[in-house]
Amino acid sequence: MLKALKNYPECETNLVISQGAERTFELETNLKLSEVEALADFVHNNKNMAATIASGSFKTDGMIVIPCSMKTLSGIATGYADNLLLRAVDVCLKENRRVVLVPREIPFGKVHIKNLKEVSDLGCTIVPPY
């Protein structure tokens, strides 16, 4: 998706990669993380809570979390915004901006389903994994 968005200069992309996602990426793909980062207009450190996307005054159309781990899902469901990724989602929800989540793990346990329902009630769109 980011590659396709690079073809639209009016569409700015901001990328945040969690530490868990970095490790999973190394284990499960043949790409280099730098190749993915090169597709984004801006790459933010997940620990940088002062990044532009952490503020409601930074206008966005919304946010996509792909893949969304169950840990991240839980943070979104409870408002536990202890890193930039969770804070940026929290801001989007607070500002009534679109948030799309693509859960990583299946099958879902009862807690996962409860959290998916909670984030759906908060306004997130859930795109199930294939």
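The name given to the protein in an unreviewed UniProt entry is Polyprenyl P-hydroxybenzoate/phenylacrylic acid decarboxylase-like protein, and the organism recorded there is Ammoniphilus resinae.

**As for the sheet that holds strand E4 (residues 98-103)**
Sheet architecture is open: three strands sit in the order E3-E4-E5, paired in parallel fashion. On the outer flanks of this sheet lie strand E3 (62-68) and strand E5 (125-126), each paired with one strand and no other. Here two bridges tie E4 to E5, and the two strands are oriented parallel to one another. What sits directly across from Leu-101, in E5, is Ile-126. Set on the sheet, helix H5 (residues 84-94) makes contact with E3 and E4; between it and E3 the angle comes to about 140°.

**Quick word on the pairing of E4**
For E4, a buried count of five out of six residues is recorded, marking the element as mostly surrounded by other parts of the structure. Judged from the five bridges that link them, E3 and E4 form a sheet pairing that is parallel. Within the sheet, the bridge partner assigned to Cys-68 lies in E4 and is Pro-103. Remark: the E4/helix H6 (residues 110-122)/E5 crossover connection has right-handed handedness.

**Some thoughts on the packing of helix H4 (residues 70-78) against H5**
The geometry of H4 relative to H5 is characterised by a closest axis approach of 10 Å and an angle of 40° between their N-to-C directions. Our classification of the angle between H4 and H5 gives oblique. The element H4 and its partner H5 pack so that their crossing is right-handed. Contacts between H4 and H5 involve Thr-72, Gly-75 and Ile-76 from the first element and Leu-85, Leu-86, Val-89 and Leu-93 from the second. Its residues assigned to classes, the contact of H4 with H5 comprises five nonpolar, two polar and no charged.

**Description of the state of the cysteines**
Following the criterion strictly, the structure yields zero disulfides and no others. Cysteine Cys-68 shares no disulfide, and the gap to the nearest cysteine sulfur, in Cys-124, comes to 8.2 Å. Taking the relative accessible area as the measure of exposure, Cys-68 reaches 1% and is therefore buried. Cysteine Cys-92 is unpaired, with the sulfur of Cys-124 as its nearest cysteine sulfur at 9.3 Å.

**Considerations on empty space enclosed by the protein**
Scanning all chains against the criterion turns up one cavity of 30 Å³ or more. One number sums up the size of the largest cavity: a volume of about 40 Å³. Taken together, Gly-75, Ile-76, Gly-79, Tyr-80, Ala-81, Leu-86, Val-89, Asp-90 and Leu-93 form the lining of the largest cavity. Of all the secondary-structure elements, those providing two or more residues to the lining of the largest cavity are H4 and H5. Looking at the lining of the largest cavity, the element that brings in the most residues is H5, giving four residues.

**Here we look at the environment of Lys-94**
Among the structural elements, Lys-94 can be located in helix H5. Classification of Lys-94 by relative accessible area gives exposed; the value is 51%. C-alpha of Lys-94 to C-alpha of Gly-56: the two residues are 38 residues apart in sequence and 8.0 Å apart in space.

Cut-off values and rules
- Residues numbered from 1 in each chain as written.
- Predicted model: local features only at pLDDT ≥ 70, side-chain atom pairs only at ≥ 80, totals over all residues.
- Heavy atoms only, no water.
- Pairing = 2+ DSSP bridges.
- Helix = DSSP H or I, 4+ residues; strand = E, 2+ residues; numbered from the N terminus.
- Contact = heavy atoms within 4.5 Å.
- Axes fitted to C-alpha atoms, helices over the stretch in contact; angles between N-to-C directions.
- Buried < 20%, exposed > 50% of the residue type's maximum accessible area, 1.4 Å probe, protein only.
- Right-handed = clockwise from strand over helix to strand, strands pointing away.
- Parallel < 35°, antiparallel > 145°, perpendicular 65-115°, else oblique.
- Left-handed = near helix turned anticlockwise from the far one by under 90°.
- Nonpolar A, V, L, I, M, F, W, Y, C, P; charged D, E, K, R; others polar.
- Disulfide = S-S within 2.5 Å.
- 1 Å grid on protein atoms, 1.4 Å probe; cavity = no way out; pocket = protein on both sides within 12 Å on 5 of 7 lines; lining within 4 Å.
- Points joined across faces, edges and corners; volume = space filled by probe spheres on them.

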